[in-house]
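# Geometric and topological summary
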Amino acid sequence: MTDTPFNDHRVDRVEQLENNGVNPYPNVDDLDPSPVSDFTQEYGDQDEITDESEWTLSGRVTRSNEFGDFGFYDIDDRTDSVQVMCSVDDRSDFETDEYSQLEQVNSGDWLVFVGYPDRSDTGELTLNAERFTIVSPSLQD
């Protein structure tokens, strides 16, 4: 046990997830994510990605940013890092309520995203997420 205190606002967020019927620490054995390095090696050199294979990637959130109707997250699983893009549109399975949970994501949270490979408008390799699961919210900043 450490003497480092948890941040109250992060503990409150975990309690809020539980109150909304979401298990903040679910069993994810059936999700079977691929290493991020497999994804980046497969598509890193492709300028235009036409493959729409479904990928499951997980990692710790190292950056989050909202831009219009899109949320961008960098995730790192210790093999590599990649950008994940989320939006509520005709290409995703996100429900508005589910998507709003992404507004609560903090740096350090561990998430699993399911989606397909893409490139952002700036050309960055991206997983265009259709679904996500919060695996482990971080309790420390």
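Everything here concerns the structure above.
The structure contained in this document is the topic of the report that follows. What you are looking at is a predicted structure, and each value in this text was computed from that prediction instead of being measured. By convention here, each chain's residues receive numbers from 1 onward along its written sequence. Owing to the predicted nature of the model, reporting of local features is limited to residues with pLDDT of at least 70; listing and counting of side-chain atom pairs is limited to 80 or more, with chain, interface and lining totals taken over all residues. Hydrogens and waters are ignored; side-chain quantities use all the structure's heavy atoms.

The next thing to look at is the overall build of the protein chain. Segments assigned H or I by DSSP are reported as helices when at least four residues long, segments assigned E as strands when at least two residues long, and all are numbered from the N terminus. Of the regular secondary structure elements, the protein chain holds 3 helices and 5 strands. In sequence order, the protein chain lays out its α and β elements as α-α-β-β-β-α-β-β. Relative accessibility decides the category of a residue: with a 1.4 Å probe and only protein chains considered, values under 20% of the type maximum give buried, values over 50% give exposed, and everything between is partly exposed. Taking all 141 residues of the protein chain together, 40% fall into the buried category. Put simply, the protein chain shows about 8400 Å² of open surface, and 40% of that area lies on carbon and sulfur atoms. In these tables, accessible area is a Shrake-Rupley quantity obtained with a 1.4 Å probe, and a residue counts as shielded only by the protein chains included in the view.

As a further point, take the sheet that holds strand 5 (residues 125-136). By the convention used here, strands pair only if DSSP detects at least 2 bridges between them. Read around the barrel, 5 strands follow the order 1-2-3-5-4 and close on themselves; strand pairing throughout is mixed. Ignoring which end each strand starts from, the neighbouring axes of this sheet average 50° apart. Angles shown run from 0 to 180 degrees and are taken between the N-to-C directions of axes, each axis being a line fitted to C-alpha atoms and, for helices, limited to the stretch in contact.

We describe a pair of aromatic rings using the distance from one ring centre to the other and the angle between the two ring planes. Classification of ring pairs uses Phe, Tyr and Trp, with its six-membered ring standing for Trp, and accepts pairs whose centres are within 6.5 Å; under 30 degrees between planes counts as stacked, over 60 as edge-to-face, and the remaining range as tilted. Considering all chains together, one arrives at 6 aromatic pairs under this definition. When the centroid spacing of 5.8 Å and the interplanar angle of 75° are considered together, the rings of Tyr43 and Trp55 count as edge-to-face. Of this pair, Tyr43 sits in helix 2 (residues 36-43) while Trp55 sits in strand 1 (residues 55-67), and the two are 12 residues apart along the sequence. As far as the burial class goes, Tyr43 and Trp55 line up, both buried. Every member of this aromatic cluster is reached through a ring pair, and the members are Phe39, Tyr43 and Trp55.

Here the focus is the side chain of Thr56. Secondary-structure assignment places Thr56 in strand 1. Here a residue-residue contact requires only that any non-hydrogen atoms of the pair lie within 4.5 Å. Discounting residues that sit within four places of it in the chain, Thr56 has contacts with Leu31, Asp32, Pro33, Ser34, Val112, Phe113 and Val114.

This next bit is on unusual backbone geometry. The backbone phi angle of Arg78 is positive, close to 80°, even though this residue is not glycine. By the secondary structure assignment, Arg78 is in the loop between strand 2 (70-76) and strand 3 (81-87).

Attention now goes to the pairing of strand 5. Of all 12 residues in strand 5, 9 are buried, a share of seventy percent or more. Looking at chain direction, strand 4 (residues 110-119) and strand 5 are connected through 10 bridges and run antiparallel. Across the sheet, the residue bridging to Leu111 is Ile134, located in strand 5. Linking strand 4 back to strand 5 in an antiparallel pair, the connection comprises 5 residues, with Gly123 at a positive phi of about 90°.

Another aspect to go through is helix 1 (residues 8-19). A helix's residues, less one, multiplied by 1.5 Å, set its expected span. Its 12 residues place the ends of helix 1 16 Å apart at the C-alpha level, agreeing with the 16 Å of an ideal helix rising 1.5 Å per residue. For helix 1, the set of buried residues is Arg10, Arg13, Val14 and Leu17. Summarising the axial view, the buried residues of helix 1 lie within an arc of 100°, below the 170-degree limit, and thus occupy one face. Residues of helix 1 that are exposed and point over 90 degrees away from its buried face: Asp8 and Asn19. For helix 1, the elements touching its buried residues are strand 5. In the stretch just after helix 1, Gly21 is the one whose phi turns positive, near 80°. It is the directions from the helix axis to the C-beta atoms whose arc is reported.

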